[in-house]
Amino acid sequence: MEEQVFGDGGFTAQAASGNGKRVGAVQKDCCRADFTHHSFKRCYRKKALGPAEKRELVGYAREYFGMSLRQACAIFCLSTSVFYYRAKRKDDTEVIEQLSKLAELHRTWGFWMMYHRLRNLQYMWNHKRVYRIYTAMRLNLRNKRKKRLAARVKAPLICPIGPNITWSLDFMHDTLASGKTIRTLNVIDDFSREALSITVDTSLPAQRVIRELEKLLEWRGKPEKIRSDNGPEFIAESVRSWCEQHSIQWEFIQPGKPTQNSLIERFNRTFRQDVLDSYIFDSLPDIRNTQMPGHGCTKMKDPILPWGS
């Protein structure tokens, strides 16, 4: 089989053996990049300029080289009609009004909820146009609402004259050896500084807090008052209903004032130094069965820990 070589290095199509058809096996790669061009390994073309960039180049050539408009447009392959064209953006006032109304009525809605509602209202705007206006109005930013709390009155930290008058509650966080986060719910009696319970688990929602307090009431009796911070587990509606049911006063400290609950904070420091920072725990049973230094054989049982027993 012979091949004819042209002067530019091309090849003719080769005759296929057996079927009599000509197959352009060499010609099919004629559109690929020439990797040996200018002694570079690869030859890539830059991205083509758009009309906006070409307008700037035409203006530059006219200003600094004194070219006419037709000459400059011919050099940069730009039509004069395209050079004079200016985009006419549609009036977006109606879209802005409708998005503003939806944002006021439905504060938790995102873009697609608003877009589908506009479609149901027979506004056939393109989703790209609506999203452009949606982002320009900065509606895509997360609306961080400040947690509204009832007015917290500063109450003096008075030492009770006997046990079971005031309890203090607080949460603590720590991690296991595997990196898993755990939480502890600490409950102490303000009179004797006795740790009534230390509940350890990965999650302690409001219902779990109520369940642990119910167990404490069966063992210890009902207190007159419970003091805590403004955590979401403590300000839950279920906790408030539980307090009303048992005639227990729940006293909240002022936000950002942990010193108003300093008794439980002092216990947390001891618990952090002597237990959480002194040992590495592999699992929840390990930390629940840890002996508290200086307290005999007392262990952090789940859910109740009578430290004074």
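Note: the structure precedes this text.
Since we're looking at a predicted model, the values are computed, not measured.

**Considering the pairing of strand 4 (residues 181-189)**
Thought 1: Taking burial as the measure, the nine residues of strand 4 include eight buried ones, the bulk of the element.
Thought 2: Following strand 3 (residues 166-175), the chain reverses through five residues before pairing antiparallel with strand 4; Gly179 in that reversal takes a positive phi of roughly 95 degrees.
Thought 3: Note: strand 4 against strand 5 (residues 194-201), seven bridges, orientation antiparallel. Among the inter-strand pairings, Val187 is bridged to a residue of strand 5, identified as Ser197.
Thought 4: Turn length for the strand 4-strand 5 hairpin, with the two strands adjacent in sequence and antiparallel, is four residues, and the turn residue Arg193 shows positive phi of about 60 degrees.

**Here we look at the nonpolar core**
Thought 1: Counting residues in hydrophobic clusters, the biggest one holds 22 residues, and the most contacted among them are Leu169 and Trp250.
Thought 2: For this core, the elements supplying multiple residues, two or more each, are strand 3, strand 4, helix 7 (206-220), helix 8 (237-246) and strand 7 (249-252).
Thought 3: If you tally residues by element for this core, the top one is helix 7, at six residues.
Thought 4: Trp250 has contacts with Leu169, Leu213, Ile226, Ser228, Phe234, Val239 and Cys243, leaving out every residue within four places of it along the chain.
Thought 5: Ranked by size, the runner-up nonpolar core spans 16 residues in total, among them Leu176, Ile198, Leu263 and Val275.

**Quick look at the pattern of salt bridges**
Thought 1: Using the criterion set out here, one finds 14 salt bridges in the structure.
Thought 2: Glu251 is paired through a salt bridge with Lys225; the nearest N and O atoms lie 3.3 Å apart. You can see Glu251 sitting in strand 7 and its partner Lys225 sitting in strand 6 (residues 225-228), a full 26 residues away along the chain.
Thought 3: In this structure, Glu251 and Arg227 form a salt bridge, with 3.2 Å as the shortest nitrogen-oxygen distance. With a gap of 24 residues between them, Glu251 in strand 7 and Arg227 in strand 6 connect regions that are remote in the sequence.
Thought 4: Relative accessible area serves as the criterion here: at 2%, Arg227 is assigned to the buried category.
Thought 5: Through salt bridges with shared partners, a single ionic network connects Asp190, Lys225, Arg227 and Glu251.

**Quick look at unusual backbone geometry**
Thought 1: A positive phi angle, close to 55 degrees, is found at Cys77, a residue other than glycine.
Thought 2: As for its placement among the helices and strands, Cys77 is situated in the loop between helix 2 (69-75) and helix 3 (80-84).
Thought 3: Its identity is not glycine, yet Arg138 carries a phi of approximately 60 degrees, on the positive side.
Thought 4: Along the chain, Arg138 turns up in the loop between helix 6 (127-136) and strand 3.

Here is what the cut-offs are and how they apply
Residues numbered from 1 in each chain as written. Predicted model: local features only at pLDDT ≥ 70, side-chain atom pairs only at ≥ 80, totals over all residues. Heavy atoms only, no water. Buried < 20%, exposed > 50% of the residue type's maximum accessible area, 1.4 Å probe, protein only. Helix = DSSP H or I, 4+ residues; strand = E, 2+ residues; numbered from the N terminus. Pairing = 2+ DSSP bridges. Core = buried A, V, L, I, M, F, W, Y, C linked by side-chain atoms within 4.5 Å. Contact = heavy atoms within 4.5 Å. Salt bridge = Lys/Arg side-chain N within 4 Å of Asp/Glu carboxyl O.

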